[in-house]
Every structure is written in structure tokens, then in C-alpha cells.
Amino acid sequence: MDHFVEEHSIVRKIWGKGDTILFIFAGASAEFALNKAVDWLYFTGKLPADPVGRLFSTVSYAQQIVFLPMNDALKAIDRINSIHAAVEESRQARIPDWAYRDVLYMLIHYSTASFEVLERKLSPQEKEEVFDVFYRVGKRMNLKDLPAGFEEWRIDYARHLENDLAKSDFTLDLFKQYKKQLGSFRYTLLVETQKLVVPAKVKALLGFGNISFTGMILPLYKLLRMAGLGLIVRSLLLPPAYRAKINALDKQDHFIE
């Protein structure tokens, strides 16, 4: 059976581990808060009511597409279009095409950045694999003006960072909600993790420094993970309401061993 992503693709390795997906989530939660189109997510009320759950569902939905058979993956992408179309009809306005590309670009960037922080550097060929998967997602969503390859994407992503991000009241409110939902300790851990994967432009807009506490303790965590204690440590750091969901992200490991 054909799958949307080949069984031995690096993309399955990236999206088959809960640790990597948590880093993707952390980075995306920072950039989401700065996006000039974030008001669309406020329009439904779902994002400010449950920002961790809303953003986590976006990331976990992407993981499902990575592992689904081809036809099921295409149907899942079509459902995304249907959901967005319903929101547009309710608001009587169109979500700008660049906003869709922004989310796609985030998935490409944080896929590569998170894996490289936690595992190793990716080869140019592997980066092209990551790009190709999300390029095909974008094509299925009928997005226009998509770059043709990873290097072209990298240039366009830099342009997006300059043009489509701004610190706003939405940004401040989202981070306030993150802290309220996660608690002070886990919120601090989130911010320190964001520092490891977000681009320089995002750091500057959020006032982040270059030193990350998470980066300092990451080697210790890797050792604990090698000793089989990673799941225990991760469970202590996650909100109880999300532990089962996030630990379930590891269920695809049998594809990548």
C-alpha cells in the first residue's frame, strides 16, 4: 500500500518520536503567536481558550498525515481545507494565501531544526525530503507560489519572517495563556526550548537571549533517554492532561527502527 511518506524516509524518523514533535510544538507556538494572521485563530475562540491543546492538535494532525496511507492522507488534507472554508464563510472573509504558506513553512523549519537539536545534522538530501513532503501538502491544499526546492524555500522563509511577523496584543495574550495553562515551571521550560529552535527574527521580536537553560541540560536528558528513562522524565515535565496524548506520539517508532 502506498503511503504519503515512504516508510524509510527521514520525515518518518523526525515525526515518529514524541521528543522531536514536542520541540516542533515549542517552536511553532512561539512563531504562531507572532504571525500577523493569528487573529483568524482568535476568531473561533479555540486558540485563546486552549492554546496548548489547539497547537498540539495542529502538530499531531501533521504527524497523522506523515504516517497515513496515500488516500487517507489526501482525505485528511482535504478536511483541513473544509474546516478552513467553514471558518472563512462564518467570518465572511478569506484567510490570506500567505498565512497558509506560513504554517507550512513553520512545519518545514521546525522539523529540521528540532531534529538537528535532538539528534544530528541533516544532509541536503534529507532536507529536500522534508521540504518535498510539506510541498505536496501545500499543493494538495491548492496553495499558490510555493518554492520549488529547499534552498528556494529557505530564501522565501526568510522573507516571510521579515514580512509576516509582528509582536502584538495577540502575542502577549497567547504567552499569557501559555503560562496560565502550563504553570510557571513548565512555561519557563517551554520558553527555554523555544530559544533552541526559533529563527533569529523570532528571538528578536520576543526579546529572547541566545543562552538556553534547556540547551545546558539537553546532554543529560539524552543520556537518560539512552538509559531508557526519557519517558519518565518527559512525563514529569508535561501537564497531566496532555501526558497520554504526547506519549502516544511515540507509537510510530516501529516504522523507523
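Analysis parameters
- Residues numbered from 1 in each chain as written.
- Predicted model: local features only at pLDDT ≥ 70, side-chain atom pairs only at ≥ 80, totals over all residues.
- Heavy atoms only, no water.
- Helix = DSSP H or I, 4+ residues; strand = E, 2+ residues; numbered from the N terminus.
- Contact = heavy atoms within 4.5 Å.
- Areas by Shrake-Rupley, 256 points an atom, 1.4 Å probe, with all protein chains shown as cover.
- Expected span 1.5 Å × (residues − 1).
- Buried < 20%, exposed > 50% of the residue type's maximum accessible area, 1.4 Å probe, protein only.
- Core = buried A, V, L, I, M, F, W, Y, C linked by side-chain atoms within 4.5 Å.
- Patch = residues over 30% accessible without salt bridge, like charges linked within 9 Å, V, L, I, M, F, W, Y side chains within 5 Å.
- Salt bridge = Lys/Arg side-chain N within 4 Å of Asp/Glu carboxyl O.
- Phe/Tyr/Trp six-rings, centres within 6.5 Å; stacked < 30°, edge-to-face > 60°.
- Bend = angle between axes of the 7 residues up to and from the residue.
- Polar contact = N/O pair within 3.5 Å; in protein donor to acceptor, adjacent residues only side chain to side chain.

### What about the overall build of the protein chain?
Then, number 1: Counting its secondary structure elements, the protein chain contains 15 helices and zero strands.
Then, number 2: Within the protein chain, residue pairs in contact and separated by at least 24 positions form 73% of the contacts whose partners lie at least 6 positions apart.
Then, number 3: Split by element, the accessible area of the protein chain, about 12700 Å² in all, is 58% carbon and sulfur.

### Considerations on helix α11 (residues 184-197)
Then, number 1: For α11, which comprises 14 residues, the first-to-last C-alpha distance of 21 Å matches the rise-based estimate of 20 Å (1.5 Å per residue) to within 8%.
Then, number 2: Here α11 has its buried residues at Tyr 187, Leu 189, Leu 190, Val 191, Glu 192, Thr 193, Gln 194, Lys 195 and Val 197.

### Here's the deal with the nonpolar core
Then, number 1: Residues Phe 4, Trp 15 and Phe 134 are the most contacted members of the largest nonpolar core, which totals 76 residues.
Then, number 2: Sort the elements by how many residues they give to this core and helix α7 (residues 97-118) lands first, with eleven residues.
Then, number 3: Trp 15 has contacts with Ile 21, Ile 24, Val 59, Ala 62, Gln 63, Val 66, Phe 67, Leu 107, Ser 111 and Phe 134, leaving out every residue within four places of it along the chain.

### Some words on a nonpolar patch on the surface
Then, number 1: On the surface, Ile 211, Phe 213, Met 216 and Ile 217 cluster together into a nonpolar patch covering about 430 Å² of accessible area.
Then, number 2: What makes Met 216 exposed here is its relative accessible area of 58%.

### So, the side chain of Glu 88
Then, number 1: Tracing the sequence through the fold places Glu 88 in helix α6 (residues 70-91).
Then, number 2: On the accessibility criterion, Glu 88 (9% relative accessible area) is buried.

### A short note on the packing of aromatic side chains
Then, number 1: Enumeration over the complete set of coordinates arrives at seven aromatic pairs.
Then, number 2: Centre to centre, the rings of Tyr 105 and Tyr 157 are 6.4 Å apart; their planes meet at 85°, and the pair counts as edge-to-face. Within this pair, whereas Tyr 105 is found in helix α7, its partner Tyr 157 is found in helix α9 (residues 150-163), the two being separated by 52 residues in sequence.
Then, number 3: We classify Tyr 105 as buried; its relative accessible area is 3%.
Then, number 4: On the accessibility criterion, Tyr 157 (5% relative accessible area) is buried.
Then, number 5: Arranged with centres 5.1 Å apart and planes meeting at 15°, the rings of Trp 153 and Tyr 157 form a pair that is stacked.

### Section: the environment of Ile 80
Then, number 1: Mapping Ile 80 onto the fold places it in helix α6.
Then, number 2: The spatial distance from the C-alpha of Ile 80 to the C-alpha of Met 141 is 8.2 Å, given a sequence separation of 61 residues.

### Concerning helix α13 (residues 213-226)
Since one α-helical turn is 3.6 residues long, residues separated by three or four positions face the same way.
Then, number 1: Here α13 is 14 residues long and its end C-alpha atoms lie 21 Å apart, about the 20 Å a rise of 1.5 Å per residue gives.
Then, number 2: The axis of α13 is deflected most strongly, by about 35°, at Pro 219.

### Regarding the environment of Glu 31
Then, number 1: Examined against the element boundaries, Glu 31 turns out to sit in helix α2 (residues 18-34).
Then, number 2: Its relative accessible area of 0% is what places Glu 31 among the buried residues.
Then, number 3: On a C-alpha basis, the gap between Glu 31 and Leu 205 in space is 9.8 Å, while along the polypeptide they are 174 residues apart.
Then, number 4: If we ignore the near neighbours within four places in the chain, the residues touching Glu 31 are Met 106, Tyr 110, Tyr 157, His 160, Leu 161, Leu 165, Pro 199 and Val 202.
Then, number 5: Polar side-chain contacts of Glu 31 include one of 2.7 Å to the side chain of Tyr 110.

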